[in-house]
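Coordinate analysis (summary)
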Amino acid sequence: MTSKQLSDISYSVLDLATVVQDLTPADTYHHSLDLARQAEQLGYTRYWFAEHHNMLNVASSATSVLIGYIAAGTSTIRVGSGGIMLPNHAPLIVAEQFGTLASLYPGRIDLGLGRAPGTDQVTAMAIRGDNFNSAHHFPTDVQSLLTFFSSENSTAQVRAIPGEGLDIPIWILGSSTDSARLAAAMGLPYAFASHFAPAYFMQAIKLYRENFRPSKYLHKPYVMACVNVVAADTDAEAEYLATSVKQFFMGVITGKRQLLQPPVDRMDDIWDSYEKETVNQMLSYSFIGGPEKIREEMDSFVNKSQIDEVMVTSHIHEHTAKLRSYEIFAHVIKNVSHTVHV
């Protein structure tokens, strides 16, 4: 197997529209646009939002609306979903929404699809109603979307207008081997949620590559890994800033979600041994440090996983520090020659 270099991979952004303590969702969206514009300057390939519901600290529930907002405020970066939780929606509605986005911003819209609810079971019931078990229809719903986007559907009784005949890349997202099998069978690109579900990452991407069937959408396997990154000018500063993401994941495992908290000097004053172990396990694919540490660890990760693209998510409390983290990461991956001042 040919060794991959950092310069061989694309790099992108996953934005959960995390709401910071003492700020509002409106502040979050304005910060997202600020970050997207910087990411565009720094050569990031795409900027995705993830669909979540009923979460105090995550404001990306109206995913397609945010995609339009970011696409309107940028010029070249691809914008999309990472992902739309397809069982929450009728495929025709998704096709129409993304067909509208692709008509407004041609050649710039991605549609990543997941089968999880993006929320708790009670909220999923409120969203899906009688279609609560619709996750079982995920493969056929993906195929329905591909059909709606095809020009061959022009003679069908039900058509996606707009959407039909448009080039809207579909990605399969996942955190298990089931999603890998589906992406491989359909010949679609595969994005793995290693930023919060690292356990099956290596197994899933191996299975995807070994079982991939070339399609009219994709000739060879394409793997994207989502990871957590907290980069700063020094290792010590990055470790300090990373206590915010650790508190964020503490809220996930305890069910006590809070708005994104400021960093703290000592996590041991906050969590117990179980919480520490569980959070650190969830954050296995996290890159925290100064430029040299990030470069060394990312180089090892890329060589081991042979990924084609890395997607970065960063839960950093202070907006300027978050911008700086993405700037440093771009320098690490591509040795970006210009500096964006924040």
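Residues numbered from 1 in each chain as written. Predicted model: local features only at pLDDT ≥ 70, side-chain atom pairs only at ≥ 80, totals over all residues. Heavy atoms only, no water.

1. Comments concerning the overall build of the protein chain
Selection criterion: Runs of E in the DSSP output that reach at least two residues are strands. Runs of H or I that reach at least four are helices, and both are numbered from the N terminus. Burial classification: accessible surface area is computed with a 1.4 Å probe over protein chains only, and a residue below 20% of its type maximum counts as buried, one above 50% as exposed, and the rest as partly exposed. Throughout, a residue-residue contact means that at least one pair of heavy atoms, one from each residue, lies within 4.5 Å. Using a 1.4 Å probe, the Shrake-Rupley method yields the accessible areas, and only the shown protein chains count as cover for residues. Counting rule for charge: Lys and Arg are taken as positive, Asp and Glu as negative, and neither His nor the chain ends is counted. In this description, the location of a charge corresponds to atom NZ of lysine, CZ of arginine, CG of aspartate or CD of glutamate.
Along the protein chain, the regular secondary structure elements total twelve helices and nine strands. Projected onto the principal axes, the alpha-carbon positions of the protein chain cover approximately 60 × 45 × 40 Å. Within the protein chain, the proportion of its 342 residues that are buried is 56%. In the protein chain, the proportion of contacts linking residues at least 24 apart, taken out of those at least 6 apart, comes to 73%. Summed over all atoms, the accessible surface of the protein chain reaches about 15,000 Å², with 52% contributed by carbon and sulfur. Both charge centroids of the protein chain, one from 25 positive and one from 35 negative side chains, sit 7 Å from each other.

2. A short note on helix α5 (residues 138-149)
Convention followed: A helix is expected to span 1.5 Å for every residue after the first. Note: the arc covers the axis-to-C-beta directions of the helix.
For α5, with twelve residues, the first-to-last C-alpha span of 17 Å sits near the 16 Å given by 1.5 Å per residue. What α5 keeps buried is the set Phe138, Asp141, Val142, Leu145, Leu146, Phe148 and Phe149. End-on view of α5: buried residues confined to an arc of 165°, all on one side of the axis. Looking at the packing, one finds that the buried side of α5 touches α3 (91-104), β4 (109-114), β5 (170-174) and α6 (177-186).

3. Observations concerning the side chain of Asp15
Test applied: What makes a salt bridge here is a side-chain nitrogen of Lys or Arg within 4 Å of a carboxyl oxygen of Asp or Glu, nothing more. In protein, a polar contact means a hydrogen-donor-capable atom and an acceptor-capable atom, both N or O and within 3.5 Å, with residues adjacent in sequence counting only if both atoms are side-chain atoms; elsewhere, any N or O pair within 3.5 Å suffices.
The residue Asp15 is located in strand β1 (residues 10-15) in this model. Summary of buried charges: Asp15 has no salt-bridge partner, and the nearest side chain of opposite charge, Lys322, is 4.6 Å away. At 2.6 Å, the side chain of Asp15 and the backbone nitrogen of Ala17 are in polar contact. Reaching out from Asp15, the side chain makes a polar contact with the side chain of Tyr47 at a distance of 2.6 Å.

4. Considering the packing of helix α1 (residues 25-41) against helix α12 (residues 319-334)
For the record, the criterion: Each axis is a line fitted through C-alpha atoms, and for a helix only the stretch in contact is used; angles between axes span 0 to 180 degrees, taken between their N-to-C directions. Any angle between 65 and 115 degrees counts as roughly perpendicular, while under 35 counts as roughly parallel, over 145 as roughly antiparallel, and the rest as oblique. Crossings are sorted by hand: turned counterclockwise from the far helix by less than a right angle, the near helix makes the crossing left-handed, and turned clockwise it makes it right-handed.
One can describe the packing of α1 onto α12 by two numbers: an axis separation of 10 Å at closest approach and a directional angle of 25°. Here α1 lies roughly parallel to α12, going by the angle between them. Relative to α12, α1 is oriented so that their crossing is right-handed. Each of His31, Asp34, Leu35 and Gln38 in α1 lies in contact with α12, whose residues at this interface are His319, Lys322, Leu323, Tyr326 and Glu327.

5. Digging into the packing of aromatic side chains
Short version of the rule: The criterion for an aromatic pair is that two Phe, Tyr or Trp rings (for Trp, the six-membered ring) have centres within 6.5 Å, with stacked assigned to planes under 30 degrees apart, edge-to-face to planes over 60 apart and tilted to the rest.
The final tally for this structure, using the stated rule, is 14 aromatic pairs. An angle of 25° between the planes, with centres 5.8 Å apart, marks the rings of Phe201 and Phe301 as stacked. Of this pair, Phe201 sits in helix α7 (residues 201-211) while Phe301 is found in helix α11 (residues 291-305), placing the two residues 100 residues apart along the sequence. Overall, the relative accessible area of 0% leaves Phe201 in the buried class. Accessibility expressed as a relative area gives 7% for Phe301, which makes it buried. Through a chain of ring-to-ring contacts, the aromatic side chains of Tyr190, Phe192, Phe201, Tyr208, Phe212, Tyr285, Phe287 and Phe301 assemble into a single cluster.

6. Observations concerning the nonpolar core
Side chains that are nonpolar tend, in soluble globular proteins, to be buried together. Condition: The nonpolar core is taken to be a set of buried Ala, Val, Leu, Ile, Met, Phe, Trp, Tyr and Cys residues, with the residues joined through side-chain atoms within 4.5 Å.
By size, the foremost hydrophobic cluster in this structure holds 79 residues, and its most contacted members are Tyr44, Leu111, Met298 and Phe329. Per-element tally for this core: the top contributor is α12, with seven residues. What Phe329 contacts, discounting residues up to four positions off in sequence, is Tyr11, Tyr44, Val229, Ile294, Met298, Val310 and Val312. Within the second largest apolar cluster, 31 residues are counted, among which are Met55, Ala191, Val245 and Met282.

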